[in-house]
Amino acid sequence: MAEKVLLLENIHPVAVETLERAGFEVDLRSASMSEDELLAALPGVTLLGIRSNTHITAKVLDGAPDLRAIGCFCIGTNQVDLGAAAERGVAVFNAPYSNTRSVVELVIAEIISLARRLPEKTQKMHAGIWDKSAKGSHEVRGRTLGIVGYGNIGTQLSNLAEALGMYVIFFDVADRLAHGNARRMPTLDALLAEADVVSLHVDGRPGNAGIFGDEQFSKMKDRALFINAARGMVVDTEALRRHILEGHIAGAALDVFPIEPKAQGDEFESPLRGLDNVILTPHVGGSTMEAQEEIGYFVATKLRNFQQQGSTALSVNLPAVQPPALTEGSRVGFLHVNVPGVLADVNNVLATEGANVTGQYLATRGEQGYVVTDLAGELSEAALAKLQGSAHTQWIRHYSS
């Protein structure tokens, strides 16, 4: 009987094709699901695919006894309780690089659009008003872009902005190598005081909630531009509205919001609606056909390889082991509590039962360890029972070529 996969939030069809080709039964849904909806839908589901609007809590995981892995078809994983998933042996995968270029291109387009006040101009044209004026319109060449969060997206944005003739400064709590002529700023306040455009590219960790509010907007240069293509919960949108209405902030572009509609066509509410020179987009930074296809294939492949080969490569919450493709013999995946002596116990069981080991791959992460063992033949039921009976076992998986 085929194992079941549930894919939510309009995941690209290439993910469906990849998983069906591997023998899975795939159920593709267009909307996200609430906690109660997930509890009703997940029994019997082996693999779950989500994007950013479906939240996986410990309660959901407790109600999904058959769930083996979760694929986040996006960059972020803060919508999943990673600790709870790890405790239950559920692997979580994401696509940390696949939509980087798409997000960066959107931000570049927004910088130019805001600097030229294109949202205001096009709105007037649609209203039948001809407003040919250079007032408030600027080139981006020679302006200073301040990037908050200098990771995969921030660094690529830095490179493209420099190619447009912008000066780039950045601030990150982690130690990051500056690209090109970009300058690291010692504090966020120092960046805000110098930047003509501030663009946020931080992750969704809980400590980043509300990091950009009235205090930070007040420290930005007069008539500066503001962009958030990171996480909705990091910005106080009410404070941003006040600074725009007061004329302190000249324009803003937001692609993410504290509360986002669950499904296509649902009403969107925001205090920023209706403001001049404000671009609001429905979380489409990574939503290009190119990025979504790449994400669909990348994450679906990780889910397939985990379930059928035991690979945890690029898992964000379990020890990362990337064994070679299994072409002959069999394989045993053993997730265990990370304490001294477990590997010796595993190998002792294998030796006692006469198993011929052809390869072994292992890693640890925090309180967990994972060892993948390749065998010339099949492992006996007695050996599997002994390993399963260990006090340190989280799960045992057996794979055949």
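Right, let's walk through the structure included here.

Parameters at a glance
Residues numbered from 1 in each chain as written. Predicted model: local features only at pLDDT ≥ 70, side-chain atom pairs only at ≥ 80, totals over all residues. Heavy atoms only, no water. Helix = DSSP H or I, 4+ residues; strand = E, 2+ residues; numbered from the N terminus. Buried < 20%, exposed > 50% of the residue type's maximum accessible area, 1.4 Å probe, protein only. Contact = heavy atoms within 4.5 Å. Areas by Shrake-Rupley, 256 points an atom, 1.4 Å probe, with all protein chains shown as cover. Lys, Arg positive; Asp, Glu negative; His and termini not counted. Charge placed at Lys NZ, Arg CZ, Asp CG, Glu CD. Pairing = 2+ DSSP bridges. Axes fitted to C-alpha atoms, helices over the stretch in contact; angles between N-to-C directions. Salt bridge = Lys/Arg side-chain N within 4 Å of Asp/Glu carboxyl O. Patch = residues over 30% accessible without salt bridge, like charges linked within 9 Å, V, L, I, M, F, W, Y side chains within 5 Å. Phe/Tyr/Trp six-rings, centres within 6.5 Å; stacked < 30°, edge-to-face > 60°. Lys NZ or Arg CZ within 6 Å of the ring centre and 35° of its normal. Expected span 1.5 Å × (residues − 1).

### What about the overall build of the chain?
Within the chain one finds 13 helices and 16 strands. Here the C-alpha coordinates of the chain stretch approximately 85 × 45 × 35 Å along the principal axes. Counting all 401 residues of the chain, 50% fall into the buried class. Restricting the contact set of the chain to residue pairs at least 6 apart, pairs at least 24 apart contribute 63%. For the chain, the accessible area works out to roughly 18500 Å², and carbon and sulfur atoms hold 50% of it. One finds the centroid of the 34 positive side-chain charges in the chain at a distance of 6 Å from the centroid of its 47 negative side-chain charges.

### Looking at the sheet that holds strand E14 (residues 357-365)
Strand order across the open sheet formed by four strands is E14-E15-E13-E16, with antiparallel pairing between neighbours. Of all the strands in the sheet, the pair left with one neighbour each is E14 and strand E16 (393-400). Looking at each pair of strands side by side, their axes are set apart by 10 degrees on average, direction ignored. Packed on one face of the sheet, helix H12 (residues 342-352) meets strand E13 (330-337), E14 and strand E15 (368-375) and runs near 160 degrees to E14. Packed on one face of the sheet, helix H13 (residues 381-388) meets E13 and E16 and runs near 155 degrees to E16.

### Overview of the pattern of salt bridges
In total, this model carries 22 salt bridges according to the counting rule given. The residue Arg-88 makes a salt bridge to Asp-62 at a minimum N-O spacing of 2.8 Å. Of this pair, Arg-88 sits in the loop between helix H4 (82-87) and strand E5 (91-93) while Asp-62 sits in helix H3 (residues 58-62), and the two are 26 residues apart along the sequence. Judged by relative accessible area, which is 53%, Asp-62 ranks as exposed. As a salt-bridge pair, Asp-196 and Lys-221 come within 2.8 Å of each other at their nearest N and O atoms. Taken together, the positions of Asp-196 in the loop between helix H8 (188-194) and strand E9 (197-200) and Lys-221 in the loop between helix H9 (214-219) and strand E10 (224-228) put the pair 25 residues apart, joining distant regions of the chain. Looking at Asp-196, the relative accessible area reads 14%, which means it is buried. With relative accessibility at 30%, the residue Lys-221 sits in the partly exposed group. Counted as one network, the salt bridges with shared partners bring together Arg-117, Glu-120, Lys-121, Lys-124 and Asp-131.

### Side note on a negative patch on the surface
Together, Glu-17, Glu-20, Glu-290, Glu-293 and Glu-294 give the surface a local cluster of negative charge. The leading source of residues in the negative patch is helix H11 (residues 289-309), at three residues. In this fold, Glu-293 is placed in helix H11.

### Some details on the environment of Phe-268
Of note, Phe-268 is situated in the loop between strand E11 (249-254) and strand E12 (278-280). Classification of Phe-268 by relative accessible area gives partly exposed; the value is 22%. Each C-alpha atom, one on Phe-268 and one on Ala-313, is 38 Å from the other, the two residues being 45 residues apart in sequence.

### Thoughts on the sheet that holds strand E3 (residues 45-50)
Spatially, five strands are ordered E2-E1-E3-E4-E5 in an open sheet, and the strand pairing comes out parallel. Strand pairing shows two members of the sheet lacking a second neighbour, strand E2 (25-28) and E5, which therefore form its edges. The average undirected angle you get between the axes of adjacent strands in this sheet is 15 degrees. Where E3 lies against strand E4 (residues 69-72), four bridges are found, and the strand directions are parallel. When the sheet's bridge partners are listed, Leu-47 is paired in E4 with Ala-69. The sheet strands contacting H11 are E3, E4 and E5, and the helix crosses E4 at an angle near 165 degrees.

### Quick look at the packing of aromatic side chains
Enumeration according to the criterion identifies eight aromatic pairs in this entry. Taking the centre distance of 3.7 Å and the plane angle of 10 degrees together, the rings of Tyr-150 and Phe-170 count as stacked. Remark: Phe-170 occurs in strand E7 (residues 167-171) and Tyr-150 occurs in the loop between strand E6 (144-148) and helix H7 (152-163); sequence separation between them is 20 residues. Residue Tyr-150 shares its accessibility class with Phe-170, and that shared class is buried. Taken together, the ring pairs connect Phe-93, Phe-306, Tyr-370 and Trp-395 into an aromatic cluster. Sitting over the ring of Trp-395, Arg-397 keeps its end group 3.8 Å from the ring centre.

### Concerning helix H5 (residues 100-115)
In a regular helix each residue adds 1.5 Å, so 16 residues correspond to 22 Å; H5 covers 23 Å between its end C-alpha atoms and thus fits that length. Looking at H5, one finds that the buried residues are Thr-100, Ser-102, Val-103, Val-104, Leu-106, Val-107, Ile-108, Glu-110, Ile-111, Ser-113, Leu-114 and Ala-115. Phi for Arg-117, located one or two positions after H5, is positive at around 55 degrees.

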